[in-house]
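Per-entry structural report
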Amino acid sequence: MNNKFLLTLLLLVLLVLPGCGGSNNGSNNGSNAGSTAAPDTGNQEASGSLAAVKTAGKLRIGTEGTYAPFTYHDADGKLTGFDVEVAAEVAKRLGVEAEFVEAQWDGLFAGMDAGRFDTIFNEVSVTEERQAKYDFSDPYIVSKAVLIVAEDNEDIRSFADLKGKKAGQSLTSNLSAIARENGAEIVSVEGFNQAIDLLVSGRIDATVNDGLSYLDLKKQKPDVKIKQVDEEEGGSRSAGVFPKGSDDLVQAVNEALAAMKDDGTYLQISEKYFGADVSK
């Protein structure tokens, strides 16, 4: 009986051992999977962060490339513009390469949401709606509505003088509302260039338009016979856009922008494209 009992016990032990081995293998696999998952989660959390940018050695910047003078291609096909130069200088001060990724305006935010780039520099106005979904750097350019008239016009000196005057405006633009609120007769135009053409030819009395577009025109064509006589308070502020949670990257970009203003680099870029300081 004892021998049979020992034999039976031995057989039971042999049967149980493979099961234990299988359990251990399963436990190790689970442990390894957990170890693999942890770094992945960490990498996802770091996405869009300063550490991720530093590790990659580049700041991926979304921009249109078709919106002069902010982001466009010059005669040689090189991507350039005010926003492009500001963003490139920021990347340089972060110690990384600037890598521009071009996309149409409608696809810029979707591209950043999908992780195609770390930030957008493309004259993106800071709004409450956008701030709810994205992080913004400190504003690096301000655009104000300005009142433009012919160079020899002495009747219109302020927005209030628009009453009863013809103002060339894009009907869908919020700038037309300013002209209308001040009593102007609205003449529909397709955009800034057409408004200026009508103004120079004397077919309208004024246009309420984008101050940056005006500065760009005067920079490109200083002899054009128009002048600015008034501007709105405040204005629209544009900034770099980042995925939510990019706090350390945004802070580093803000420090770079502040340093650029302190040492005159920003003003140099601003005067190159607009002939003025457009930061305020």
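Reference entry: report on the structure contained in this document. Note that this is a predicted model, so its numbers are computed, not measured. (Residues numbered from 1 in each chain as written. Predicted model: local features only at pLDDT ≥ 70, side-chain atom pairs only at ≥ 80, totals over all residues. Heavy atoms only, no water.)

Another point: the environment of Arg 93. Relative to the assigned elements, Arg 93 resides in helix H3 (residues 82–94). Given a relative accessible area of 31%, Arg 93 falls into the partly exposed group. For the pair formed by Arg 93 and Ala 259, sequence separation is 166 residues and the distance between their alpha carbons is 9.0 Å. Apart from residues no more than four positions distant in its own chain, Arg 93 is found in contact with Ala 256, Ala 259, Met 260, Asp 263 and Thr 265. Separated by 2.8 Å, the side chains of Arg 93 and Asp 263 make a polar contact. (Helix = DSSP H or I, 4+ residues; strand = E, 2+ residues; numbered from the N terminus. Buried < 20%, exposed > 50% of the residue type's maximum accessible area, 1.4 Å probe, protein only. Contact = heavy atoms within 4.5 Å. Polar contact = N/O pair within 3.5 Å; in protein donor to acceptor, adjacent residues only side chain to side chain.)

Bringing the pattern of salt bridges into the picture now. Scanning all chains against the criterion turns up 10 salt bridges. In this structure, the salt-bridge partner of Asp 118 is Arg 60, at a minimum N-O distance of 2.9 Å. Placement of the pair is Asp 118 in the loop between helix H4 (105–113) and strand S5 (119–120) and Arg 60 in strand S1 (residues 58–63), with a sequence separation of 58 residues. Here Lys 244 and Asp 135 are joined by a salt bridge, their closest N and O atoms 3.5 Å apart. In this pair, Lys 244 sits in the loop between strand S14 (241–243) and helix H9 (247–262) while Asp 135 sits in strand S6 (residues 134–136), placing the two residues 109 residues apart along the sequence. Its relative accessible area of 12% is what places Asp 135 among the buried residues. Salt bridges sharing common partners tie together Glu 89, Arg 93 and Asp 263. (Salt bridge = Lys/Arg side-chain N within 4 Å of Asp/Glu carboxyl O.)

Our focus in this paragraph is the packing of aromatic side chains. Two aromatic rings are characterised by how far apart their centres lie and by the angle between their planes. Applying the stated criterion across every chain yields a total of 8 aromatic pairs. Relative to Phe 70, the ring of Tyr 67 lies with its centre 4.8 Å away and its plane at 50°, an arrangement referred to as tilted. For Tyr 67, a relative accessible area of 36% translates into the label partly exposed. Among the residues examined, Phe 70 registers a relative accessible area of 3% and is labelled buried. Relative to Tyr 140, the ring of Phe 82 lies with its centre 6.3 Å away and its plane at 35°, an arrangement referred to as tilted. One end of the pair, Phe 82, is in helix H3; the other, Tyr 140, is in the loop between S6 and strand S7 (141–143), with 58 residues separating them in the sequence. Neither residue differs from the other here; Phe 82 and Tyr 140 are each classed as buried. Taken together, Tyr 67, Phe 70, Phe 82, Phe 121, Tyr 140, Tyr 266 and Phe 274 form an aromatic cluster joined through their ring pairs. One cation-aromatic arrangement involves Lys 261 over Tyr 266; the distance from NZ or CZ to the ring centre is 5.5 Å. (Phe/Tyr/Trp six-rings, centres within 6.5 Å; stacked < 30°, edge-to-face > 60°. Lys NZ or Arg CZ within 6 Å of the ring centre and 35° of its normal.)

With that settled, consider the pairing of strand S9 (residues 166–169). Regular strands place side chains that alternate from one sheet face to the opposite one. Looking at chain direction, S9 and strand S10 (residues 185–188) are connected through 4 bridges and run parallel. When the sheet's bridge partners are listed, Ala 167 is paired in S10 with Ile 186. Handedness of the crossover joining S9 and S10 through helix H6 (residues 174–181) is recorded here as right-handed. (Pairing = 2+ DSSP bridges. Right-handed = clockwise from strand over helix to strand, strands pointing away.)

Attention shifts here to the packing of helix H8 (residues 211–220) against helix H10 (residues 265–274). Look at H8 against H10: their axes get within 7 Å of each other, and the N-to-C directions meet at 70°. Viewed along their axes, H8 and H10 adopt a mutual orientation that is roughly perpendicular. Residues Leu 212, Leu 215, Asp 216 and Lys 219 of H8 touch H10, and the partners they reach there are Glu 271, Lys 272, Tyr 273 and Phe 274. Residue classes in the contact of H8 with H10 are distributed as 4 nonpolar, no polar and 4 charged. (Axes fitted to C-alpha atoms, helices over the stretch in contact; angles between N-to-C directions. Parallel < 35°, antiparallel > 145°, perpendicular 65-115°, else oblique. Nonpolar A, V, L, I, M, F, W, Y, C, P; charged D, E, K, R; others polar.)

Turning our attention to the environment of Pro 139. Relative to the helices and strands, Pro 139 is located in the loop between S6 and S7. Sequence spacing of Pro 139 and Ser 238 is 99 residues, and the spatial spacing of their C-alpha atoms is 5.2 Å. For Pro 139, the residues in contact, after removing those within four places along its chain, are Arg 237, Ser 238, Ala 239 and Lys 261.

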